[in-house]
Amino acid sequence: MFCSEVYTEASSELFSETKTHSSDRTMDLGLAEDHFSRPVGSFVASDIEQLKLAIEECKKLILELPEHSERQKDTVVKLIHLRLKLQELKDPEEDEPNLRVILEHRFSKEKSKSVKQTCDKCSTIIWGLIQTWYTCTGCYYRCHSKCMNQITKPCVRSKVSHQSEYELSICPEIGLDRQDYRCAECRTPISLRGVPSEARQCDYTGQYYCSTCHWNDTAIIPARVIHNWEFEPRKVCRSSMRYLTLMMPRPVLKMKEINPLLFNFVEELVEIRKLRHDILLMKPYFITCKEAMEARLLLQLQDRQHFVENDDMYSLQDLIDISTGRLSCSLTEIHTTFAKHIKLDCERCQAKGFVCELCKEGDVLFPFDSHTSVCHECSAVFHRDCYYDHSTTCPRCARMTDRQQDEVEEEK
């Protein structure tokens, strides 16, 4: 076996060359026996003790060898092999299942050995090269295999699934006394003086947490965006960080009900609302157009599916992209593509246009044109200058009314 050869080589090469420097130490590094020829699971305590002794002897030898010499480098490599084997004996991966379910977390064993992570339970580094670790596929909670049985935090994904709403009060603080001077999550004693543990406030929940539950992560707070149009990241606890991350793409904010005045002060919101309204008016053309269905035009909005369902629901990601100008650029481009298909590229869609019945002049009109008005009763389209909502009688509605009256008279 490879491991057996490594240790045999370590015993024969390293210590035969350094007999004059450390004759006592080179007698045995615990490698004389072939530990690795035994079946997995049959290791006894003496194996671990001998490996520990071998590691200590190897460390001393490294200090005695000339600095930066090839022999010292080879010894360091062999020391790493010894430590890896010791870790395998203490925490054998063969005994770890690939999937584990704890408190609605669905943990999957990670394969990466080089990515540096931090355990969400004990807050120490996960050394993927020598330690087994898991990640929850729902909320991305990471932890050592040895910490799994100590987890007390349920999966945030379940909260998102059952309670998809934000805290809309800005940092709703209740005070440490209401928390009995304990962490809001794990109930560890805390105080602002840092004795016995530092109290850290989460700007999203307003509550205080210990340093194990609050790592000073930062996130954009929905309440500050909605009420103040403020996007500066604030410090939040770990559970809030995961919750806000999972909620980010979910369209749960009905802006015209939560803060309708925001549209009076943020021009970008008005522009996006108009574009979204136009897209909803274009949708009926696409779902009845064979060419549009084959081209899958509506899939251009697959990352924001709610844009083809309504024009008043927003996700936090939508608002962030509006503030940066990213959404305006992408949505304008999609709007242009949609309008081009209806008005220029597709004859079927062009045939569904309208002629202004009030002036009977001009080009074919569509409900999403900027210079048109639409009758709220029959959806007929007119020039804006010709039709002022309810101040002008809609000819189409008048015809429909006359037809209904005629039918009633005929029945009599």
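Residues numbered from 1 in each chain as written. Predicted model: local features only at pLDDT ≥ 70, side-chain atom pairs only at ≥ 80, totals over all residues. Heavy atoms only, no water.

A. A look at the overall build of the chain. A tally of regular secondary structure across the chain gives 14 helices and 14 strands. Expressed as a percentage of the 412 residues in the chain, the buried residues total 41%. Carbon and sulfur atoms form 50% of the exposed surface of the chain, whose accessible area is close to 23,800 Å². (Helix = DSSP H or I, 4+ residues; strand = E, 2+ residues; numbered from the N terminus. Buried < 20%, exposed > 50% of the residue type's maximum accessible area, 1.4 Å probe, protein only. Areas by Shrake-Rupley, 256 points an atom, 1.4 Å probe, with all protein chains shown as cover.)

B. Seen up close, the nonpolar core. Counting 73 residues, the largest nonpolar core has Phe107 and Leu319 as its most contacted members. Broken down by element, the residue count for this core peaks at seven residues, all from helix 9 (residues 267-287). Setting aside residues up to four positions removed in sequence, Phe107 forms contacts with Asn98, Leu99, Arg100, Ile102, Tyr134, Thr135, Cys136, Tyr141, Cys143, Met148 and Ile151. Residues Cys356, Cys375, Tyr387 and Cys397 belong to the second largest nonpolar core, which totals 10 residues. (Core = buried A, V, L, I, M, F, W, Y, C linked by side-chain atoms within 4.5 Å. Contact = heavy atoms within 4.5 Å.)

C. How the structure looks around a negative patch on the surface. Among the surface-exposed residues, Asp402, Asp406, Glu407, Glu409, Glu410 and Glu411 lie close enough to one another that they form a single negatively charged patch. Mapped onto the fold, Glu407 is located in helix 14 (residues 395-411). Since its relative accessible area comes to 45%, Glu407 is described here as partly exposed. (Patch = residues over 30% accessible without salt bridge, like charges linked within 9 Å, V, L, I, M, F, W, Y side chains within 5 Å. Salt bridge = Lys/Arg side-chain N within 4 Å of Asp/Glu carboxyl O. Lys, Arg positive; Asp, Glu negative; His and termini not counted. Charge placed at Lys NZ, Arg CZ, Asp CG, Glu CD.)

D. Highlighting the pairing of strand 2 (residues 105-109). Here strand 2 shows a buried face lined by His105, Phe107 and Lys109 and an unburied face lined by Arg106 and Ser108. As defined by bridge partners, strand 1 (residues 99-102) adjoins strand 2 across four bridges and the pair is classed as antiparallel. Paired with Leu99 across the strands is Ser108, a residue of strand 2. Taking the residues between adjacent antiparallel strands as the criterion, strand 1 and strand 2 are bridged by two residues, where Leu103 takes a positive phi near 50°. Where strand 2 lies against strand 5 (residues 133-136), three bridges are found, and the strand directions are antiparallel. Pairing of Phe107 across the sheet is with Cys136, part of strand 5. (Pairing = 2+ DSSP bridges.)

E. The state of the cysteines, seen in detail. Under the defined criterion, the tally for this structure stands at zero disulfides. Here Cys378 is not disulfide-linked; the sulfur of Cys397 is the nearest cysteine sulfur, at 3.6 Å. Here Cys394 is not cross-linked by a disulfide; its sulfur's nearest cysteine counterpart is in Cys378, at 3.6 Å. (Disulfide = S-S within 2.5 Å.)

F. Here's a closer look at the sheet that holds strand 1. Taken in spatial order, the four strands make up an open sheet running 1-2-5-6, and their pairing is antiparallel. The outermost strands of the open sheet, each flanked by one partner alone, are strand 1 and strand 6 (142-144). For this sheet the average axis-to-axis angle between neighbouring strands, irrespective of direction, equals 30°. (Axes fitted to C-alpha atoms, helices over the stretch in contact; angles between N-to-C directions.)

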